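Letter by letter, the chains look like this.
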Amino acid sequence: MKAMIFAAGRGERMRPLTDSCPKPLLKVRGRPLITYHVINLVRAGIKDIVINHSHLGHMIEEELGDGSRYGARIVYSHEPTPLETAGGIANALHLLGDEPFLAVSGDIYAPYFDFEQVLDALPDNDAVGRPIPVDKRDIAWLYLTPNPWHNPDGDFGLTMYTLSNEGSPKWNFAGIGVYRPEMFDGIKAGEFLKFGPLMRKFIDEKRVGGEIYDGEWVNVGTMRQLEELNAPYTATASARAKP
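Being a predicted model, the structure only gives us computed values, none of them experimental. The residue numbers shown here count from 1 along each chain, following its written sequence. In keeping with the model being predicted, local features are shown solely for residues with a pLDDT of at least 70 and side-chain atom pairs are shown and tallied solely at 80 or more, while totals for entire chains, interfaces and linings include all residues. Water and hydrogen atoms play no part in the side-chain values, which are based on all heavy atoms of the structure.

Undergrad: What is the right way to look at helix H3 (residues 57-64) in this model?
TA: The periodicity of an α-helix, 3.6 residues per turn, causes residues three or four positions apart to be oriented the same way. Every buried residue belonging to H3 is among Gly57, Ile60 and Leu64, and all of these are buried. Mapping the buried residues of H3 onto a view down its axis gives an arc of 55°, with all of them on the same face. The criterion used for residue contact is that any of the two residues' heavy atoms lie within 4.5 Å. Secondary structure elements are defined from DSSP: runs of H or I of at least 4 residues count as helices, runs of E of at least 2 residues count as strands, and each element is numbered from the N terminus. As for H3, its buried residues are in contact with strand S1 (3-7), helix H2 (33-43), strand S4 (48-53) and strand S5 (73-78). The first or second residue beyond H3 is glycine 65, which carries a positive phi of 60°. Relative accessibility thresholds used throughout: buried, under 20% of the residue-type maximum; exposed, over 50%; partly exposed, between the two (1.4 Å probe, protein chains only). Arc definition: directions from the helix axis to the C-beta atoms.

Below is the structure:
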């Protein structure tokens with residue numbers, strides 16, 4: 001399985017830091033956020049990694065290089081103008097291949113997420129080895145978390161590992177998912193397209209599964225969050241800390 005790390009965002013809420021440093025390179029406990037992902041992906045055996053970038057993208061390439069010092073093989077998908085999540089994936093499909101791939105946001109802090117669990121997230125066969133009809137297979141598998149302070153209402157419902165757009169309770173999308181390339185059929189390379197509407201369409205078709213991740217997870221979106229993560233360990237804020 002290949003992985004894609006999203007690193008093309010501008011990081012407006014983290015200015016002025018992100019005026020001179022791309023958000024995924026902001027450091028938590030001495031290590032850039034994106035580097036945690038690279039290390040943990042390699043630990044899980046996922047070594048082929050695609051990173052999209054735009055704002056100050058050259059700094060990401062300078063920091064990570066070809067990935068060899070981490071045991072990875074990294075290639076880059078440059079976006080002159082950020083294409084949003086779905087557009088960024090479509091633009092990089094030629095690098096991701098024909099099999100299901102993992103995609104993860106480069107600005108989340110999830111140092112203990114075990115990426116090995118994603119390897120079997122979208123099987124082609126059922127539990128007894130029978131092929132699942134193509135139109136019945138999940139097209140995506142999302143990881144959800146308990147709702148953080150910045151998303152108290154959550155994003156998606158979850159019943160028996162199937163996501164829904166309605167209902168209660170709802171859970172927060174963690175920015176970690178596994179996708180079949182055909183989910184992005186019809187999207188042209190270089191096209192700007194947001195992720196939400198596309199995902200919700202397939203959720204309405206009952207083709208998106210998921211599960212809860214209850215480990216340490218922070219969407220690093222404010223200066224205070226970054227400061228709390230870098231505070232002495234006993235004072236470190238949790239994923240549900242107030243802004």
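After presenting the structure, the write-up continues.
Undergrad: What is the right way to look at the pattern of salt bridges in this model?
TA: Side-chain pairs of opposite charge can arise where the charged atoms are in close proximity. One speaks of a salt bridge when a side-chain nitrogen belonging to Lys or Arg is within 4 Å of a carboxyl oxygen belonging to Asp or Glu. Tallied over the entire structure, the rule returns nine salt bridges. Here arginine 180 ties to aspartate 124 by a salt bridge, and the two come within 3.0 Å at their closest N and O atoms. Taken together, the residues span a long stretch of sequence, with arginine 180 in the loop between strand S11 (172-179) and helix H5 (195-204) and aspartate 124 in the loop between strand S7 (108-109) and strand S8 (140-145) at a distance of 56 residues. For arginine 224, the salt bridge goes to glutamate 228, with nearest N and O atoms at 3.2 Å. Of this pair, arginine 224 and glutamate 228 both sit in helix H6 (residues 223-229), four residues apart, which is roughly one turn of that helix. On the basis of relative accessibility, which here comes to 44%, the residue arginine 224 falls in the partly exposed class. Since its relative accessible area comes to 17%, glutamate 228 is described here as buried. The network of salt bridges with common partners includes Asp124, Arg137 and Arg180.

Undergrad: Help me understand the layout of surface pockets in this model?
TA: Think of a ball as big as a water molecule: rolled over the atoms, this probe shows where empty space is left. Method remark: on a 1 Å grid restricted to protein atoms, a set of points is classed as a cavity if a 1.4 Å probe fits but cannot get out and as a pocket if it is open with protein on both sides within 12 Å along at least five of seven lines; lining residues have an atom within 4 Å of a point. Grid points are joined across faces, edges and corners, and a volume is the space filled by probe spheres set on the points. Of the volumes computed, that of the largest pocket is approximately 980 Å³. As for the largest pocket, its lining consists of 38 residues, and the residues nearest its centre are Glu84, Thr85, Ser105, Asp107 and Asn219. Of all elements in the fold, only S1, helix H4 (84-96), strand S6 (101-105), S11 and H5 reach the threshold of two or more residues within the lining of the largest pocket. Looking at the lining of the largest pocket element by element, the count peaks at six residues for S11. Taken together, the residues of the lining of the largest pocket break down into 18 nonpolar, eleven polar and nine charged. Only Asp, Glu, Lys and Arg are considered charged, only Ala, Val, Leu, Ile, Met, Phe, Trp, Tyr, Cys and Pro nonpolar, and every remaining residue, Gly among them, polar.

Undergrad: Explanation requested: the nonpolar core in the structure shown.
TA: The nonpolar side chains of soluble globular proteins are, as a tendency, buried together. Grouped together as the largest cluster of nonpolar side chains are 45 residues, with contacts concentrated most on Ile51, Leu64, Leu102 and Phe115. For this core, the leading source of residues is H2, giving six residues. When neighbours within four sequence positions are excluded, leucine 102 is seen to be in contact with Met1, Lys2, Ala3, Met4, Leu41, Ile46, Phe115, Val118, Ile176, Gly177 and Val178. Joining through side-chain atoms within 4.5 Å is the link that ties buried Ala, Val, Leu, Ile, Met, Phe, Trp, Tyr and Cys residues into a set, and such a set is a nonpolar core. Counting 28 residues, the second largest nonpolar core, distinct from the first, contains Leu96, Ala140, Phe173 and Phe195.

Undergrad: Mind showing me how you'd approach H2 here?
TA: For H2, the tally of buried residues reaches nine of eleven residues, placing the bulk of the element in the interior. Taken together, the buried positions of H2 are occupied by Leu33, Ile34, Thr35, Tyr36, His37, Val38, Asn40, Leu41 and Val42. Remark: glycine 45 follows H2 within two positions and exhibits a positive phi of approximately 90°.

Undergrad: How should the environment of methionine 223 be read in this particular structure?
TA: Take methionine 223: it is sitting in helix H6. With a relative accessible area of 29%, methionine 223 lands in the partly exposed category. Here the alpha-carbon distance between methionine 223 and proline 197, two residues 26 residues apart in the chain, equals 29 Å. Excluding anything up to four places from it in sequence, methionine 223 contacts Met14 and Leu17.

Undergrad: Help me understand the pairing of S11, please; the structure alone is not making it clear to me.
TA: Along any regular strand, the residues point their side chains to alternate faces of the sheet. Among the eight residues that make up S11, eight are buried, leaving the element largely enclosed by the rest of the structure. In this description, strands pair whenever DSSP reports at least two bridges between them. Note that S6 and S11 share four bridges and pair antiparallel. Bridging across to S11, alanine 103 finds its partner in glycine 177. Relative to S11, S8 runs antiparallel, the two being bridged by six bridges. Following the sheet pairing, threonine 145 is matched in S11 by asparagine 172.

Undergrad: What am I meant to see in the side chain of arginine 137 here?
TA: Structurally, arginine 137 is set in the loop between S7 and S8. Throughout this description, a polar contact denotes any pair of N or O atoms lying within 3.5 Å of each other; where both atoms belong to protein, one of them has to be capable of donating a hydrogen while the other can accept it, and for residues adjacent in sequence the pair is counted only when both atoms sit in side chains. For arginine 137, the side chain forms a polar contact with the main-chain oxygen of isoleucine 132, separated by 3.0 Å. Contacts of arginine 137, omitting those with residues within four sequence positions, involve Asp124, Ile132, Arg180 and Arg207.

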